[in-house]
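Examining the three-dimensional arrangement
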Amino acid sequence: MTEETYIIIGVKNMMELRYNPITDEWIIISSETQKRPVLPQKEACPLCPGILEMKHDYDLTAFDNRYPALRMDPPEIYKADSIFKNAPSYGKCEVIMFTSDHNSSLSRMPIGQIEKLIYVWEDRTRDLMKHDEIKYIFPFENRGKEVGASQIHPHGQLYAFPFIPKRIQSMIDAIDKYTGECAICDVIKAEAGTESIVYEGEYFVALVPYFARFPYEVHIYPKRHISFFMDMTPPEKFDLAAALKVVTSKYDSLFHQEFPYMMEIFQSPVNPTMERFHFHIEFNPPKRDKVNVKWMASVETGTWTFINPLTPSDAAKSLKSASYTI
Amino acid sequence: MKLFGRPLDYGKRKEKIGFLEFNLSITQKDGYEIEVEIENTENEPKFIKDLKIGEFEVSEKLFMNNYQSWGPCTFVKPQEMIKVMNGLSVNFAASPIPWEFKDGIVSDYFIADDKTFAGFLSSETTHPYFKWHDGIVDVKVYIGKSLKPHEKIKIEPLWVNDFSVLEDALELYANKVGELNMIKRSEPLFGWESWYSYYLNISQDSFLKELEKSSEIGMKYELFQIDDGYEKDVGDWLRTNEKFPEGLDFLSKKIKKSNMIPGIWTAPFSISETSSIFKYHKDFLVKDENGSPIVAYENWNKKIYAVDTSNPDALFWLGEIFSSLKSYGYEFFKIDFLFAGMIPGNRFLNVTPVEAYRMGMKKIADTVGNSHILGCGAPLIPSIGYVNSMRIGSDTSSNWNGTIDIGMPSAKYSIRNALSRNFMNKWWVNDPDCVMARSQDTGLTSKERMVNLYVPALLNGQFLESDFLDKLSDDDLHLMVGAFNFRKGRSNVRFLDGERYVIITKNSINGDIISFVNLSDSDWKDKVENYKNLLDKKVNEFFVLYPSMKNVKNEVKIDPHSVAIVMHRGKRNLRRDDEKEDDGRDIHYYWGEEYDGTKV
Ligand SMILES: [Zn+2]
Ligand SMILES: [Zn+2]
């Protein structure tokens, strides 16, 4: 890509972390110069092989986001000499390509491809945790325009944070507060054989949790108490691939549409790691039915309290009976 | 084996029987390779029918093969078979040499008993076969033309060898045949065709409705093919019946618009007694000694005659049909009932039936050029080089039909042949006949449906679906999509017997697979470890049963009429290549095992 193919459309440049002492959380400010690349053809997919991001054919890739909110070489910051605290936007924002097949999706990908994706997530985690300043590595996928995905080509992202994000901190606090050994281990035991289970493999279980926040929320838990992709044996990785395929395939057949969701992968914090953290995946789909979306509105955003319009057991029932492919 | 009464021995020799002189040459090539040249020593032309060149004693159970697509290829006890055959009239669909069944059983092209394999490596001039009778197998060829005074003719090379594993002998045989014949290389296609839903009731409207539905259901068919039912009559291929008012041109354009390959079915060597081509061109037909056209077979409640493909006018007419279809936009030609082109009889030229057949096939292949030809109802070995893909079994059926194994429509036997003739995929893309995803209007159980859908996927031949698309449920579609991910592998098949098979698949979309196919009526217990070495996988690697995704602890139980699919669940090795984007950003390429290089 040569310089001429960029059009400079912005000049403001502000990239730093800012601390909110009222809520005790870090905010990422990212208004870096927006250099929009020009695509060779108007309708071309920038994520297809040989178009923009990938110069040649590929199987899977992970690459630095063109507009990262965090980077390993963040710009120097001006230290505020006041009550305000800020920090450099150190970290990494990567795009992870699941497959070179433009029209695929987790729900349609063969298990083998999803398995490979799991190995890629593992490798990215192992790679990024080598940097002592990285404290949390978070792979995720936004699928569908309802959750802001602009490209249909199957891909996810990964953020490597230099701090523990707020919701992760509350998970850690909950672990400290929990009187038993591990809340997820106990949930798995409690839900065994119940109607909440959407799919159960040898090593993983997918269920609609008792305390679901979103109408068709599904969690995937490893039955063994493990904290990272790295802890998974090859058979466990295979089984997780099957679980991901089943859940996303069921989502698609639920309303006969490409079901939008946010898929969030929670591993233990790094530097230091935390053995008590139980690896899990959350699917947070915004749809409440075939057409309506449940928005993150005042109550959800302002108080972090969710009102779920669908009884989780009913969601589980629908998902259990939804058809799927392995 | 004895040739002309003498045991096999390397070298050259001559034999004379009556007015024929045989020049034999036996060389050592993974066993014996035998070439025979025949000379008419008389001073007058002689019509030569079938000739015996040798014989051998065989064990009780034989592995036999029928000459054409639909016929069985399996283990046979001829003592029992001959009783079954007694009273059945053998037609040309079953054999080009039906008279041989009067006192024996024929295996065309190749045969094996429990230790010896014998197979002819081509069929360019003669029809080579083995005839069992009274515990002995005669090695024979049918020539079917007259030799001029002192004319010499070479018969097909014969390969004979002892084996310890029959499947290995078949593999070697397939390679040898492949080396000797010019093979067309093609990729298997995924498509839809009209036969097993509409049969002859297909109409323009219903075809277009299916076309529309195909894009709605999101299956990415590469091919959309109209089967039998559009034509005015068998032989009048370019004229459509009243159900297709806008003609063939119109259909192919519609298919093209949907971004699929337009495909069309014909039976080019067949002419029905009611067709206009029959009315005006009796000169195009193969005739008997009295000059009357020979009925090649009966179907559509009509007598069907055979095209004499040695007749230049008939060949020109054939060429016109296919160049017209091609000019309409068709790029996939399923040509059916091809055996009609190889019936014995009198032809325009003094050629053998096999030579005539190949003239017809060459004409079609030359005319359609790089378009795809799927042969069906076809003599197998004479078709090599002319077809891109080949039906290798009987018509399938929405019923198991597991009793009579004589090439009639059957879900069981069409899959059985797909397994027993899998080795032929070196000669063309094997077509195991259609898959059906439907759960309604089918006599198949859910396990039998798995067999119909998943075995063709695992064998990675042609994958042509035939259903009413709007009648498919989500579960039906998902079952088919699931099967899809077992394609693209390289499979070889192990035979336990005629009803139980193990498919070893490398590098399918879903990875390495071991599948157990039980076509029998009883339970079967087997162990994964018996086949692990065929996949070069370590003993401590784990396996999981599809679609239950439960761990297999070595032992597998396979229900009657079912397939048990065992997926490999070992460690994957990804290769990682680190590169830089032009603006310096990091990019990591990850590659699956099909790529070599640094492992992650
Ligand atoms: Zn794309
Ligand atoms: Zn736990």
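Definitions and cut-offs
- Residues numbered from 1 in each chain as written.
- Chains lettered and ligands numbered in written order.
- Predicted model: local features only at pLDDT ≥ 70, side-chain atom pairs only at ≥ 80, totals over all residues.
- Heavy atoms only, no water.
- Pairing = 2+ DSSP bridges.
- Helix = DSSP H or I, 4+ residues; strand = E, 2+ residues; numbered from the N terminus.
- pLDDT = per-residue confidence, 0-100.
- Contact = heavy atoms within 4.5 Å.
- Donors = N, O, S within 2.8 Å, 3.2 Å for Na, K, Ca; no water.
- Tetrahedral: all angles 85-135°; square planar, octahedral: opposite > 155°, others 65-115°.
- Salt bridge = Lys/Arg side-chain N within 4 Å of Asp/Glu carboxyl O.
- Buried < 20%, exposed > 50% of the residue type's maximum accessible area, 1.4 Å probe, protein only.

**Some remarks on the sheet that holds strand β2 (residues 15-20) of chain A**
In a beta sheet, neighbouring strands pair by backbone hydrogen bonds and run either parallel or antiparallel. Residues and elements named next belong to chain A. Pairing is antiparallel across the open sheet formed by 3 strands, whose spatial order is β3-β2-β6. Strand pairing shows two members of the sheet lacking a second neighbour, β3 (25-30) and β6 (86-87), which therefore form its edges. Judged from the 2 bridges that link them, β2 and β6 form a sheet pairing that is antiparallel. Its bridge partner being in β6, Arg-18 is matched across the sheet by Asn-86.

**A closer look at the confidence of the model for chain B**
Caution is warranted with low-pLDDT regions, since their predicted coordinates should not be read in detail. All names here are of chain B. Across chain B, the average pLDDT comes to 94, with 98% of residues at or above 70. Taken together, the stretch residues 595-600 has pLDDT below 50 and engages in 17 contacts with residues farther than four places along the chain or on a different chain. Per the prediction output, this complex has pTM 0.90; the corresponding ipTM is 0.93.

**Here we look at the coordination of the zinc ion (ligand 2)**
In an ideal tetrahedron of four donors about a metal, each angle is 109.5 degrees. In an ideal octahedron of six donors, the angles are 90 or 180 degrees. Residues and elements named next belong to chain A. In this structure, Cys-182 (SG), Cys-185 (SG), His-225 (ND1) and His-278 (ND1) serve as the protein donors to the zinc ion (ligand 2), at separations of 2.0 to 2.3 Å. What the 4 donor atoms of the zinc ion (ligand 2) show is an angle range of 106 to 114° at the metal, which sorts the shape as tetrahedral. Sequence positions of the donors to the zinc ion (ligand 2) reduce to the motif C-x2-C-x39-H-x52-H. Placement of Cys-182 in the loop between α2 (166-177) and α3 (183-191) and of His-225 in the loop between β12 (218-222) and α4 (234-254) is noted, with a sequence separation of 43 residues between them.

**With respect to the pattern of salt bridges**
All told, the structure shown has 69 salt bridges over all chains when counted by the stated rule. Put simply, Arg416(B) and Asp405(B) hold a salt bridge, and the shortest N to O gap is 2.9 Å. With Arg416(B) in helix α9 (residues 411-420) and Asp405(B) in the loop between β26 (389-391) and α9, this pair connects stretches of sequence that are 11 residues apart. Here the two residues Arg416(B) and Asp405(B) agree in accessibility, since each one is buried. Between Asp441(B) and Lys471(B) there is a salt bridge, with the nearest N and O atoms lying 3.3 Å from each other. Of the two residues, Asp441(B) sits in the loop between β27 (429-431) and α10 (446-459) while Lys471(B) sits in the loop between β28 (463-465) and α11 (474-484), which places them 30 residues apart along the sequence. The partly exposed category is assigned to Lys471(B), whose relative accessible area is 41%. Each of Glu94(A), Glu122(A), Asp123(A), Arg124(A), Arg126(A), Asp127(A), Lys130(A), Lys237(A), Arg576(B) and Asp578(B) takes part in salt bridges that share partners, so that together they form one network.

**Details of the confidence of the model for chain A**
For chain A, per-residue confidence averages 91 on the pLDDT scale, and 93% of positions sit at 70 or higher. Segment residues 1-11 of chain A is flagged for pLDDT under 50; beyond a separation of four residues in sequence, or across chains, it makes 23 contacts in the model.

**What to know about the pairing of strand β14 (residues 280-284) of chain A**
Two faces make up the sheet, and in a regular strand the side chains alternate between them. All names here are of chain A. Burial analysis of β14 places 5 of its 5 residues in the buried class, which makes it a mostly covered element. Where burial is concerned, the two faces of β14 agree: the one with His-280, Glu-282 and Asn-284 and the one with Ile-281 and Phe-283 are both buried. Of the pairings in the sheet, the one linking strand β13 (residues 261-266) to β14 comprises 5 bridges and is antiparallel in character. Of the residues in β14, the one forming a bridge with Glu-264 is Glu-282.

**With respect to the coordination of the zinc ion (ligand 1)**
Residue and element names in this part refer to chain A. Protein coordination at the zinc ion (ligand 1) comes from Cys-45 (SG), Cys-48 (SG), His-102 (ND1) and His-153 (ND1), with a distance range of 1.9 to 2.3 Å. What the 4 donor atoms of the zinc ion (ligand 1) show is an angle range of 104 to 118° at the metal, which sorts the shape as tetrahedral. Linear spacing of the donor residues for the zinc ion (ligand 1) on their chain is C-x2-C-x53-H-x50-H. Taken together, the positions of Cys-48 in the loop between β4 (35-37) and β5 (60-64) and His-153 in the loop between β8 (136-143) and β9 (155-161) put the pair 105 residues apart, joining distant regions of the chain. The pair Cys-48 / His-153 is uniform in exposure class, with both members buried.

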